[in-house]
Amino acid sequence: MPSLESEIDGIIETFTNNLKQRKFKGSRDLALNSVQLWKKIIGQMKWQNARELMDAIKQIGKDLAETSPSETVIGNMTRRMLKIVRDEYAMLQKGKQEDSDLQESLQKILTADEVDFDYIENIPLLKPAIMEHIGEFLTELESSEIDISVQALEHIHANEIIMTIGYSKTVFAFLKTAAKDRAFQVIVAECAPFYHGHKLAADLAEARISATLIPDSAIFAMMARVNKVIIGTHSVMANGGLKAVCGTHTLALAAKHYSVPFVVCAPMFKLCPEYVCSLDQDGFNQFASPEEVLSNDEGMLVSRVNVYNPIFDYVPPELVTLFISNTGGNAPSYIYRLLSELYHPLDVLL
Amino acid sequence: MENTRNVLDFFQNIVEKEPEVSAAVAAIRTLMHILETFGDRTLRGLSEELRKATEEMKTADCSITSVQSGCELFQRFITLTGALDQSNIKECKDIMKERGEIFLRKLQETRPKIAKLGAPFILDGQKILTHSKSRVVLQTLREAALTSKKRFHVFITESYPDRSGALMRDELLKLNISSTLILDSAMGYVMESVDLVLVGAEGVVESGGIINKVGTYTMALCAKEMHKPFYVLAESFKFVRLYPLNQRDLPQELKFSSSTIKSGSNLLDQHPQVDYTPPGYITLLFTDLGILTPSAVSDELIKLYL
């Protein structure tokens, strides 16, 4: 009979293998799967108190994050789990703690109230409370796409021209919901060299939404007639900047030039408490095979030129007009506040 | 009168003898000293004494903005400790003293914290521009160079009229960090070659803007025009309850040294010592409370003073 530990190791290994083979479809799928993984781990693992559990979560979380450093969602989910443990512990421990007290603040420095929990008390009720909380969180994740798309009618008006880039499930759901009541036109930038835009255009056409496909180089030319840009993103950084598919920065700058509102659909689990400095491309970007840009068939040429095929773009917060998350619309300058509610400050650095 | 002289001497003694200590902390320590030496008289008398001492310290020739923020924080500290609920003044004083020590100890920890947050933003091979002399900028550069083993180059403006930039350069030389002293007027000239701007602050105001050595605003304007990130490093005890809208809005006692104001000369002929940099020019603020966007500053102040 396999011991409990090796069983947990087994689950983790299956997950990391799936991750390496890119079996997850999109970041929501990844978020759901990683929370389900955490649910299993926390349920099966033996722990005496919250401190032990949190240390274990941190350790496993670190390993998971290292498997795929550019997937910020994994780190975010680890932090959410830690936050859930902290919240439930604080709640059961006399129910005295409110969220704001956990924050580091000037007030705390002044009053010198040591609210540092040691998390060592053994509370039997803690485990069921945590499991229930994780269950609620899973429901929230599952419904996040719908929660965003129900806001569509507030943002898309009749006969508007919307521009988007690449393929985002959230954006597609958003457009589809709006199309139930309003007629509008969508211009899709194809997003070379992966051409995810082709798929979006096809899907839109199938949903009977008028779609126009353009090459990325035509973004600026088309922008003059666009009423709104609506895009998805890979993650939202702590300063309100975006880590989004390559080409988004071009799109954002063109939108700024013509003063077109630049709206980003991003569910809460994409909010990442890390800061990125735009100069640090090595730590931020990921590079795909150059095959799509310059095919290996061009033997002679391939050996003579450098080919880069970056996946991400950093978009500074001043180019974003609005974030639409599952809880509502927010300005980029408000992201810091959402982050302080989502994660505990001590967990930001895993 | 005897007593107030002592206050100023005590304060200036700290400022001169311990160059590592910020004016705000020196002010708080002075007020703590008053609290300790104050006889067992009435609370009313104590608060009167503290108020007088604050006024007195504002006449010193140092960063008045920092003194103001430090004193405001101390006043708030007294009300928040709950010591005032005690029935007799002796107990009340004991609690204040005890809490005050914890408070001061926490203030000591702020600068290393900021340095840790700021250092990862400095990358290998970068060129950094800084203005005047700031203890927290120095510590962050030290952390990046010595602990994180980064190699970078620092440009420092001379920062007239007191040439404090030259002092900053001496400190960097001691740390073996490569640096160049430049003219204040060469700010625009070097801006195209630098990667980021790091400055300290004498005070952080409610809007998220900063009050700092004159020339900071110019630097922020240049950085914005050239699309360079403009980072501010400041301890949270420098948050001050002011909301200036423009340069003219800054109180006179912050802009000019008290000796200048007392001399009665026409202030229009005098050089201001500080300027106000609006939040729109600041990329991020690094504080001991974490990395903040300018809009997060008012949140912190509201939490404290509401």
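Parameters at a glance
Residues numbered from 1 in each chain as written. Chains lettered and ligands numbered in written order. Predicted model: local features only at pLDDT ≥ 70, side-chain atom pairs only at ≥ 80, totals over all residues. Heavy atoms only, no water. UniProt positions renumbered as here; feature names shortened; annotations may be inferred. Pairing = 2+ DSSP bridges. Helix = DSSP H or I, 4+ residues; strand = E, 2+ residues; numbered from the N terminus. Axes fitted to C-alpha atoms, helices over the stretch in contact; angles between N-to-C directions. Expected span 1.5 Å × (residues − 1). Buried < 20%, exposed > 50% of the residue type's maximum accessible area, 1.4 Å probe, protein only. Polar contact = N/O pair within 3.5 Å; in protein donor to acceptor, adjacent residues only side chain to side chain. pLDDT = per-residue confidence, 0-100. 1 Å grid on protein atoms, 1.4 Å probe; cavity = no way out; pocket = protein on both sides within 12 Å on 5 of 7 lines; lining within 4 Å. Points joined across faces, edges and corners; volume = space filled by probe spheres on them. Nonpolar A, V, L, I, M, F, W, Y, C, P; charged D, E, K, R; others polar. Contact = heavy atoms within 4.5 Å.

Named according to an unreviewed UniProt entry, chain B is Translation initiation factor eIF2B subunit alpha originating from Daphnia sinensis. As its UniProt record puts it under Subcellular location (unreviewed entry), chain B is described as follows: "Cytoplasm, Cytosol".

The name given to chain A in an unreviewed UniProt entry is Translation initiation factor eIF2B subunit beta, and the organism recorded there is Daphnia sinensis. Its UniProt record, at the heading Subcellular location (unreviewed entry), says of chain A: "Cytoplasm, Cytosol".

(A) The arrangement of the sheet that holds strand β2 (residues 185-189) of chain A in detail. Residues and elements named next belong to chain A. Read across the open sheet, the seven strands follow the order β3-β2-β1-β4-β7-β9-β10; overall the sheet is mixed. Looking at strand neighbours, the two that pair on one side only are β3 (210-214) and β10 (328-330), the edges of this open sheet. Going from strand to strand, the sheet's axes swing by 25° on average, the running direction of each strand aside. Judged from the five bridges that link them, β2 and β3 form a sheet pairing that is parallel. In the sheet register, Ala189 faces β3, and the bridge partner there is Ile214.

(B) Focus on helix α2 (residues 23-37) of chain B. Residues and elements named next belong to chain B. Taking 1.5 Å as the rise per residue, α2 with 15 residues should run 21 Å; its terminal C-alpha atoms sit 21 Å apart, in good agreement. By the criterion of burial, α2 is predominantly enclosed, with eleven of the 15 residues buried. Those residues of α2 that sit buried are Ala23, Ala24, Val25, Ala26, Ala27, Ile28, Thr30, Leu31, Met32, Ile34 and Leu35. The N-capping residue of α2, defined by a side-chain oxygen 3.2 Å from the backbone nitrogen of Ala24, is Ser22.

(C) How the structure looks around the confidence of the model for chain B. Residue and element names in this part refer to chain B. On average, chain B scores 89 in pLDDT, and the residues at 70 or more come to 97%. Per-element confidence in chain B is highest for strand β2 (residues 152-157), whose mean pLDDT is 97, and lowest for helix α1 (residues 2-17), whose mean pLDDT is 81. Listed scores for the predicted complex are pTM 0.86 and ipTM 0.80.

(D) How the structure looks around empty space enclosed by the protein. Counting across every chain of the model gives two cavities of 30 Å³ or more. Counted as a void, the largest cavity has a volume near 40 Å³. Lining of the largest cavity is provided by Gly118, Phe121, Ile122, Thr140, Leu196, Leu198, Tyr231, Leu233 and Phe286 of chain B. Among the secondary structure elements, those contributing two or more residues to the lining of the largest cavity are β4 (196-199) and β7 (230-233) of chain B. Tallied by class, residues from the lining of the largest cavity come to seven nonpolar, two polar and no charged. In this structure, the second largest cavity spans a volume of roughly 40 Å³. Every residue along the wall of the second largest cavity is listed here: Ala266, Leu271, Phe323, Ser325, Asn330, Ile335 and Leu338 of chain A. Its residues assigned to classes, the lining of the second largest cavity shows five nonpolar, two polar and no charged.

(E) Main features of the sheet that holds strand β9 (residues 284-287) of chain B. All names here are of chain B. Spatially, seven strands are ordered β3-β2-β1-β4-β7-β9-β10 in an open sheet, and the strand pairing comes out mixed. Every other strand in the sheet has two partners, leaving β3 (178-182) and β10 (290-292) as the edge strands with one partner each. Between one strand axis and the next, the sheet turns through 25° on average, direction left out of account. Relative to β10, β9 runs antiparallel, the two sharing three bridges. When the sheet's bridge partners are listed, Leu285 is paired in β10 with Leu292. Packing against the sheet, helix α5 (residues 89-118) makes contact with β7, β9 and β10, and its axis sits at approximately 140° to β9.

(F) Highlighting the environment of Arg41 of chain B. Residues and elements named next belong to chain B. Along the chain, Arg41 turns up in the loop between α2 and α3 (43-57). A relative accessible area of 52% means that Arg41 is categorised as exposed. In this structure, the C-alpha to C-alpha distance between Arg41 and Leu73, residues 32 residues apart in sequence, is 23 Å.

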